[in-house]
Amino acid sequence: MKPTRTQKALSLLVLLTLLLSTGGCSLKAELMALALEFWPEYLAYKLKGTSGIPEVDAVLEAKKELDKIDQADKLAAEGRKEGDVEKIRKAMALRPGDWRYGYQAGAVLLEQGEVAKAKDYFDNASYGGQNMVSVRNPVIEGEERVYPKDQYAIEVLEDSRQKMQDKGWKSRDQCVYTYDQLIWHYGNVTGIATPGEKPKVDAIVAQLESEKARFCPK
Amino acid sequence: MAGTRRRSGCRGCGCFFLLLVLLVAIWAALIPLRLLERVGLRDSAAGRMLSNPPDEEAAAELLAGMQAAGLATKGVRLYVMPLAGSEEVAAIAVLDAVQGFGADVPDQDAILRYLKELATGEAIDRLGITRVAVTYQDEEGRALLTLTGATNDIQDFASGRIGQDEFLKLLHANIDPAWLLKEVRSETD
């Protein structure tokens, strides 16, 4: 005689109980046990279309967005390495709110001497989206607070400045804009710097001002 | 006459039934199937709230903490995401079988252990992480199960302030229904 659905479900539950109670459960068995435990709640979530908490909904459906981050990061890294802005634009299309790609596209264009185009990307990256205060990632070693956006821009611009200096500046505009951007981002850091940080950031800004006057072609 | 009345009644029933089917179809397309999000007419909650860049350094710090706690980190991808439009910061671990997760994990309560270790990591409060999630992704790249909870709740469970039954009620889950149904069918056959 064929078992009924109820009998099948019961035998499955007994099987899972046995699996779990013996302590020898595999990862798959644990996954299944948890999935069955949460099945009614999952159904309610799907039927309503929300858990009622936006943060929970975002995290529960995060997988697709996380895959996009990986894909866009890969594209942007390739674009930066190869000097291919088109690849970074594709990354931006995948993740429009992720301002890191704007700075990367700006840096590539700046290195190519396209200062006006670079400016658009830097401006969009700097003024669009959120700039969260972070408690780590200090620009100044040993200190603790900085805006991630400014820190990221500083990292990207410092890297570009090094490359452009090594190759020789293509134009005065390229040099001045690079230093101005660096000074501005360090200036933002000064605005939120702790009393311990401020003199160090001020010293960096003064150094940049002096280098701009000395190195930028007349 | 009687025949006419019956035909008219049937027509009414048919219309009502059709309307009902139509309403159910619209509801199914909009809510469970999320058609508007699939065709790009509306952003999903994830698309909206995970639009900020991930905090890579925070993720590296947490991953190092997990390693120090003795958890296998091969195939574990960790993202720390400040949620846009919210004060919350989420740490999301993807246990990725494609990248080799699973070979060296302890057998018992692996998923819950990752959740606990993430939420009780030394850096978690300093990094301001308010929500923790663990997703298991199988060899075919499907997210089979995602569990998420508030950091405080998981810390309460880890310290024994609440029991497992109460704790599980505080978690939220997403499941790949196709996978679960297939597994259930293969177990019962």
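Remember, it's a predicted structure, so these values are computed and weren't measured experimentally.

(A) Summary view of the overall build of chain A. When its secondary structure is counted, chain A shows 10 helices and zero strands. Along the chain direction, N to C, the helices and strands of chain A fall in the order α-α-α-α-α-α-α-α-α-α. The 218 residues of chain A split such that 44% are buried. Within chain A, contacts between residues separated by at least 24 positions form 54% of all contacts whose residues are at least 6 apart in sequence.

(B) Molecular detail of the interface of chain B and chain A. Of the residues lining the interface, 67 residues belong to chain B; the matching set on chain A comes to 55 residues. Summed over the shared surface of chain B and chain A, the number is three salt bridges. Among the ionic pairs, A:Asp67 bridges to B:Arg77, the shortest N-O distance being 3.9 Å. On inspection of chain B and its partner chain A, the count reaches 16 residue pairs in polar contact (both at pLDDT 80 or more). Looking at the side of chain B that touches chain A element by element, the count peaks at seven residues for helix H8 (residues 177–188) of chain B. Of the residues contributing to the side of chain B that touches chain A, the split by class is 38 nonpolar, 14 polar and 15 charged.

(C) Main features of the environment of B:Ala45. Position of B:Ala45 relative to the elements: it lies in helix H3 (residues 45–49). Placed 140 residues apart in sequence, B:Ala45 and B:Arg185 show a C-alpha to C-alpha distance of 32 Å. When residues no more than four places from it in sequence are discounted, the contact partners of B:Ala45 are A:Pro54, A:Asp57, A:Ala58 and B:Leu50.

(D) Focus on the sheet that holds strand E5 (residues 172–175) of chain B. Residue and element names in this part refer to chain B. Taken in spatial order, the five strands make up an open sheet running E1-E2-E3-E4-E5, and their pairing is mixed. The open sheet has two edge strands with one neighbour each: strand E1 (76–82) and E5. Ignoring which end each strand starts from, the neighbouring axes of this sheet average 15° apart. Relative to strand E3 (residues 131–137), helix H5 (residues 110–119) is tilted by about 150°, and along the sheet it contacts E1, strand E2 (89–96), E3 and strand E4 (143–150).

(E) Quick peek at the state of the cysteines. Residue and element names in this part refer to chain A. By the definition in use, this model includes one disulfide over all chains. Linked covalently through their sulfurs, Cys175 and Cys216 form a disulfide whose S-S length is 2.0 Å. Sign of the S-S torsion, about -80° for the bond between Cys175 and Cys216, identifies this disulfide as left-handed. With a gap of 41 residues between them, Cys175 in helix H9 (residues 172–192) and Cys216 in the segment after helix H10 (198–215) connect regions that are remote in the sequence. Taking the relative accessible area as the measure of exposure, Cys175 reaches 0% and is therefore buried.

(F) How the structure looks around the pattern of salt bridges. Inspection of the entire model under this criterion finds 28 salt bridges over all chains. The partner of A:Glu65 in a salt bridge is A:Arg95, with the nearest N and O atoms 3.3 Å apart. Of this pair, A:Glu65 sits in helix H4 (residues 62–82) while A:Arg95 sits in the loop between helix H5 (85–94) and helix H6 (100–111), placing them 30 residues apart in sequence. Here A:Glu65 falls in the buried class, since its relative accessible area comes to 8%. For A:Asp159, the salt bridge goes to A:Arg80, with nearest N and O atoms at 3.1 Å. Remark: A:Arg80 occurs in helix H4 and A:Asp159 occurs in helix H8 (residues 148–167); sequence separation between them is 79 residues. One continuous salt-bridge network, built from bridges that share partners, spans A:Glu65, A:Lys68, A:Asp73, A:Arg95, A:Asp98, A:Arg100 and B:Glu56.

(G) Expanded view of the domain arrangement of chain A. Residue and element names in this part refer to chain A. Along its sequence, chain A is organised into domain 1 (1–96) and domain 2 (97–218). Taken residue by residue, the interface counts 16 residues in domain 1 and 17 residues in domain 2. Overall, the association of domain 1 and domain 2 removes approximately 1200 Å² of surface from exposure, summing both partners, and the carbon and sulfur fraction of that is 54%. The largest per-residue losses of area from domain 1 upon contact with domain 2 belong to Arg80, Val85 and Met92, which jointly make up 47% of the total buried on that side. At the boundary of domain 1 and domain 2, one finds four salt bridges. Measuring nitrogen to oxygen at the nearest pair gives 3.2 Å for the salt bridge that ties Arg80 to Glu111. Scanning the region where domain 1 abuts domain 2 turns up 10 residue pairs in polar contact (both at pLDDT 80 or more). The set of elements that each furnish at least two residues to the side of domain 1 that touches domain 2 consists of H4 and H5.

What counts, and where the lines are drawn
- Residues numbered from 1 in each chain as written.
- Chains lettered and ligands numbered in written order.
- Predicted model: local features only at pLDDT ≥ 70, side-chain atom pairs only at ≥ 80, totals over all residues.
- Heavy atoms only, no water.
- Helix = DSSP H or I, 4+ residues; strand = E, 2+ residues; numbered from the N terminus.
- Buried < 20%, exposed > 50% of the residue type's maximum accessible area, 1.4 Å probe, protein only.
- Contact = heavy atoms within 4.5 Å.
- Salt bridge = Lys/Arg side-chain N within 4 Å of Asp/Glu carboxyl O.
- Polar contact = N/O pair within 3.5 Å; in protein donor to acceptor, adjacent residues only side chain to side chain.
- Nonpolar A, V, L, I, M, F, W, Y, C, P; charged D, E, K, R; others polar.
- Pairing = 2+ DSSP bridges.
- Axes fitted to C-alpha atoms, helices over the stretch in contact; angles between N-to-C directions.
- Disulfide = S-S within 2.5 Å.
- Domains from an automatic or database assignment.
- Buried area = accessible area lost by both parts, 1.4 Å probe.

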